[in-house]
Amino acid sequence: MKAMTSLVRYLPGASPLVLDSPHSGTHYPADFLYACDLSVLRHAEDTHVEKLYDFAPALGAHWIEAYFPRSYLDANRNTTEIDVSLLDAPWPDAIATDPKVLSKVRLGKGLIWRTTDEGVPIYGRKLAVAEVQARIKQCWEPYHAAVAQAIDAAYLQHGYSLHINCHSMPAFASSHATDFPGEEHADFVVGDRDGSTANPALSRLVCQHLEGLGYRVAYNHPYKGVELVRRYSKPTEQRQSIQLEINRKLYMNEETLAMTPNFKSLQASLRSLIELLLKTDTRRL
Ligand SMILES: [Zn+2]
């Protein structure tokens, strides 16, 4: 058990399974200097996701968790997804040119968010280039190093790796969160970037297991998976990555952020899914 830095938690495991939670962090750094209400900012968190999976390290899963909040730096973005309109000087490094990525940045959802999911501006100031670079060094780099290290260790030890990128989502899509504002979300969304980050047979197994437990499950809509599943997967070489979104209404009050009594039964469902995945040799699918 070791923490790579104070802003990232990494618990190495012994199984092929790697779980990471990039958005559940609640340690708001003193140098964040945001201008909106903290209560508004907190809606950006995947609050309590780390608690939902707290049983998994004891079962042998590798576990990585961001302590820093998603609104400070979104670890599920590439470092090129820079919103230059936030900066007080030109960005010295590469900037993304992919139109899909640029539309996310325009929504205020780049590496460093400009607005909340409700479109509320986060800052009342411009950010210094050095400030953004420091966030990348202190948050993005150690987080990605831990995920890469865990997946490599799982793969070397077992000949395959199975990475679940753990998230939660609001019951209804917010105005500035996705391309489908106001849409009512399913209970779970399983994402493999249209079969490019995991063997679709594995994604099917996850969907069917959750459906068998009585949940409504969507596949690759409206969330397909982003940088963390894209960057570390290679299904043809037995490195599988799936993004799993859980509807927050299943375990918390979205206004107060308090856990609801249903938390325990959802956790039991997740435990059965993790136990199934630990028994699944993805090379045989
Ligand atoms: Zn998330």
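Novice: Tell me about the overall build of the chain, residues and numbers included.
Specialist: A count of helices and strands for the chain gives 7 helices and 8 strands. By principal-axis analysis of the C-alpha atoms, the chain measures approximately 50 × 40 × 35 Å. Residue pairs at least 24 apart in sequence account for 79% of intrachain contacts in the chain once pairs closer than 6 positions are excluded. With the model as given, the accessible surface of the chain reaches about 11,800 Å², and the carbon-plus-sulfur share is 55%. When the 30 positive and 33 negative side-chain charges of the chain are each reduced to one mean point, those points stand 3 Å apart.

Novice: I'd like a description of the pattern of salt bridges, backed by residues and values.
Specialist: Tallying each qualifying case throughout the model produces 21 salt bridges. Here Lys51 ties to Glu50 by a salt bridge, and the two come within 3.2 Å at their closest N and O atoms. A relative accessible area of 32% means that Lys51 is categorised as partly exposed. Given a relative accessible area of 17%, Glu50 falls into the buried group. One salt bridge in this structure joins Arg77 and Asp74, with 4.0 Å as the shortest N-O distance. Of the two residues, Arg77 and Asp74, neither departs from the other in class, the shared state being buried. One connected set of salt bridges, linked through shared partners, spans Asp46, Arg70, Asp74, Arg77, Glu81 and Arg248.

Novice: Outline the side chain of His23, supporting the account with residue identities and numerical values.
Specialist: Its location among the elements puts His23 in the loop between strand E3 (17-21) and helix H1 (38-41). One polar contact links His23 to His167, side chain to side chain, over a distance of 3.2 Å. Residue contacts for His23: discarding those within four places in its chain leaves Glu45, Asp46, Arg70, Asp74, Asn76 and His167.

Novice: So what about empty space enclosed by the protein? Which residues, and what values?
Specialist: Applying the stated criterion to the full structure yields 1 cavity of 30 Å³ or more. Of the volumes computed, that of the largest cavity is approximately 40 Å³. Surrounding the largest cavity, Glu81, Ile82, Asp83, Leu86, Leu87, Leu111, Ile112 and Val132 form its lining. Per-class residue counts for the lining of the largest cavity are 6 nonpolar, no polar and 2 charged.

Novice: I'd like to hear about the nonpolar core, residue by residue, with values.
Specialist: Ranked by internal contacts, the top residues of the largest apolar core, which has 37 residues, are Ile64, Phe68, Leu73, Ile112, Val132 and Tyr143. When residues of this core are traced back to their parent elements, those giving at least two are strand E2 (8-11), strand E4 (62-66), helix H4 (129-158) and helix H6 (227-232). Setting aside residues no more than four positions away along its own chain, Ile64 makes contact with Val8, Arg9, Tyr10, Val18, Leu19, Asp20, Ser21, Tyr143, Ala146, Val147 and Ala150. Grouped together as the second largest cluster of nonpolar side chains are 35 residues, Leu19, Val49, Tyr53 and Phe188 included.

Cut-offs applied
- Residues numbered from 1 in each chain as written.
- Predicted model: local features only at pLDDT ≥ 70, side-chain atom pairs only at ≥ 80, totals over all residues.
- Heavy atoms only, no water.
- Helix = DSSP H or I, 4+ residues; strand = E, 2+ residues; numbered from the N terminus.
- Contact = heavy atoms within 4.5 Å.
- Areas by Shrake-Rupley, 256 points an atom, 1.4 Å probe, with all protein chains shown as cover.
- Lys, Arg positive; Asp, Glu negative; His and termini not counted.
- Charge placed at Lys NZ, Arg CZ, Asp CG, Glu CD.
- Salt bridge = Lys/Arg side-chain N within 4 Å of Asp/Glu carboxyl O.
- Buried < 20%, exposed > 50% of the residue type's maximum accessible area, 1.4 Å probe, protein only.
- Polar contact = N/O pair within 3.5 Å; in protein donor to acceptor, adjacent residues only side chain to side chain.
- 1 Å grid on protein atoms, 1.4 Å probe; cavity = no way out; pocket = protein on both sides within 12 Å on 5 of 7 lines; lining within 4 Å.
- Points joined across faces, edges and corners; volume = space filled by probe spheres on them.
- Nonpolar A, V, L, I, M, F, W, Y, C, P; charged D, E, K, R; others polar.
- Core = buried A, V, L, I, M, F, W, Y, C linked by side-chain atoms within 4.5 Å.

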